[in-house]
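# Tertiary structure, described
Below, each chain spelled out in residue letters.
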Amino acid sequence: MRADNIYFINGTAYAGKSTMVRLLAEKHNGIACEENYQDSLLAGLSREDFPCLTYTRDLKDWSEFIRRTPDEYEAWINGCTEECTILELRILEKLQEQKKKIFVDTNIPVERLKRISDRYHVVIMLADPDISVKRFFDRPDKEKQFLYQLLLKENDPQQAMENFRECLRRINSRERYDAFLHSGFPVVLRDDKRTAEETLSIVEGLFRLDGRDGG
């Protein structure tokens, strides 16, 4: 698949990826594929073909989820990325039939993006890795608050919380951050002093959607 009408935003958590996807789609009359958009296919997945994505779908005891070691958690996240890539490409190929610009908050690894896209169709957005660990439970998402309450119910809540934060540190490591930073694609760093509209203008320029060279 060639992604000539698809604009990918990859990067770290808390960098504003889905916000940019939504604003770009609104402004350019395009299609927004926001965070975890591939979940629309989750119900029909088989455990054999998608063991990582169906893990939470079929989980009976969520205490099992929060008790995993950092190694187990990292392996699961890596597996989810591989499986999400399959689903994303499946969805995007279908959406291309609409002949609109498609803006995607993506999990597709940068090496795969290099094969299907180019530097004017991919932007990396990054936030400091520590934010993802320190502020994970700050958001009111019911899923995050559900996990938080589970951790508090463990026999040793402090130890359980620290284990879970270590899992988060593993997948939000400086090494992963640096891999994005040096991927070869344009990078936009989180800046809390910058408005969403200002960030939008920067991203539009990187995508050549601001009138330069057509997008």
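That block above? That's the structure.
Residues numbered from 1 in each chain as written. Predicted model: local features only at pLDDT ≥ 70, side-chain atom pairs only at ≥ 80, totals over all residues. Heavy atoms only, no water.

### Here's the deal with the overall build of the protein chain
- Within the protein chain, the regular secondary structure consists of ten helices and five strands.
- Rg of the C-alpha trace for the protein chain: 18 Å, near the compact-globule value of 17 Å for 215 residues, within the 12% margin.
- The C-alpha extent of the protein chain, read off along each of the three principal axes, is 60 × 40 × 30 Å.
- Counting only residues that meet the buried cut, the protein chain has 47% of its 215 residues in that class.
- Considering only residue pairs separated by 6 or more positions, the protein chain has 74% of its internal contacts joining residues 24 or more positions apart.
- As displayed, the protein chain offers around 11,700 Å² of accessible surface, 47% of which is attributable to carbon and sulfur atoms.
- Within the protein chain, the 39 negative side-chain charges are centred at a point lying 3 Å from the centre of the 34 positive side-chain charges. (Helix = DSSP H or I, 4+ residues; strand = E, 2+ residues; numbered from the N terminus. Rg over C-alpha atoms; globule rule 2.2 N^0.38 Å. Buried < 20%, exposed > 50% of the residue type's maximum accessible area, 1.4 Å probe, protein only. Contact = heavy atoms within 4.5 Å. Areas by Shrake-Rupley, 256 points an atom, 1.4 Å probe, with all protein chains shown as cover. Lys, Arg positive; Asp, Glu negative; His and termini not counted. Charge placed at Lys NZ, Arg CZ, Asp CG, Glu CD.)

### Observations concerning the packing of helix α7 (residues 142-152) against helix α8 (residues 157-171)
- As a packed pair, α7 and α8 sit with axes 8 Å apart at the nearest point and diverge in direction by 140°. Classed by the angle they form, the pair α7 and α8 counts as oblique. Every residue of α8 that contacts α7 at Leu147, Tyr148, Leu151 and Leu152 is listed here: Pro157, Ala160, Met161 and Phe164.
- Per-class residue counts for the contact of α7 with α8 are eight nonpolar, no polar and no charged. (Axes fitted to C-alpha atoms, helices over the stretch in contact; angles between N-to-C directions. Parallel < 35°, antiparallel > 145°, perpendicular 65-115°, else oblique. Nonpolar A, V, L, I, M, F, W, Y, C, P; charged D, E, K, R; others polar.)

### What to know about the pattern of salt bridges
- Applying the stated criterion to the full structure yields 15 salt bridges.
- The shortest N-O distance in the salt bridge between Glu162 and Arg169 comes to 2.8 Å.
- By relative accessible area, which is 39% here, Glu162 ends up partly exposed.
- Look at Arg169 and you get partly exposed, because its relative accessible area is 32%.
- Between Glu166 and Arg169 there is a salt bridge; the shortest N-O distance is 3.1 Å. Here Glu166 pairs with Arg169, and both are found in helix α8, just three residues apart, close to one helical turn.
- Linked by salt bridges that have partners in common, Asp71, Glu74, Arg170 and Arg176 make up one network. (Salt bridge = Lys/Arg side-chain N within 4 Å of Asp/Glu carboxyl O.)

### Observations concerning the packing of aromatic side chains
- The full count for this structure, using the stated rule, is 15 aromatic pairs.
- Seen from their ring centres, Phe65 and Tyr73 are 6.1 Å apart, and the 80° between their planes marks the pair as edge-to-face. Just as Phe65 is buried, Tyr73 falls in that class too.
- Taking 6.0 Å as the distance between ring centres and 70° as the angle between the ring planes, the aromatic pair formed by Tyr73 and Phe164 counts as edge-to-face. Here Tyr73, found in helix α4 (residues 70-95), pairs with Phe164, found in helix α8; they are 91 residues apart in sequence, far enough to count as distant. (Phe/Tyr/Trp six-rings, centres within 6.5 Å; stacked < 30°, edge-to-face > 60°.)

### Some details on helix α10 (residues 196-206)
- Of the positions making up α10, those classed as buried are Thr199, Leu200, Val203, Glu204 and Gly205.
- Buried residues in α10 make contact with β1 (6-11), α1 (17-27), β4 (122-126) and β5 (187-189).
- Note on α10: the residue one or two positions beyond its end, Arg208, has a positive phi of about 60°.

### Points about the pairing of β4
- In terms of burial, β4 is largely enclosed, as five of its five residues are buried.
- Burial along β4 is two-sided: Val122, Ile124 and Leu126 facing one way and Val123 and Met125 facing the other are all buried.
- Of the pairings in the sheet, the one linking β1 to β4 comprises four bridges and is parallel in character. Bridge pairing in β4 places Ile9 opposite Val123. (Pairing = 2+ DSSP bridges.)

### Details of the nonpolar core
- Phe65, Tyr73 and Phe164 are the most contacted members of the largest nonpolar core, which has 45 residues in total.
- Beyond its immediate sequence surroundings of up to four residues, Phe164 is in contact with Phe65, Ile66, Tyr73, Phe136, Phe137, Leu147 and Leu151. (Core = buried A, V, L, I, M, F, W, Y, C linked by side-chain atoms within 4.5 Å.)

It is worth stressing that arrangement in space is one thing and function is another; only the former is reported here.
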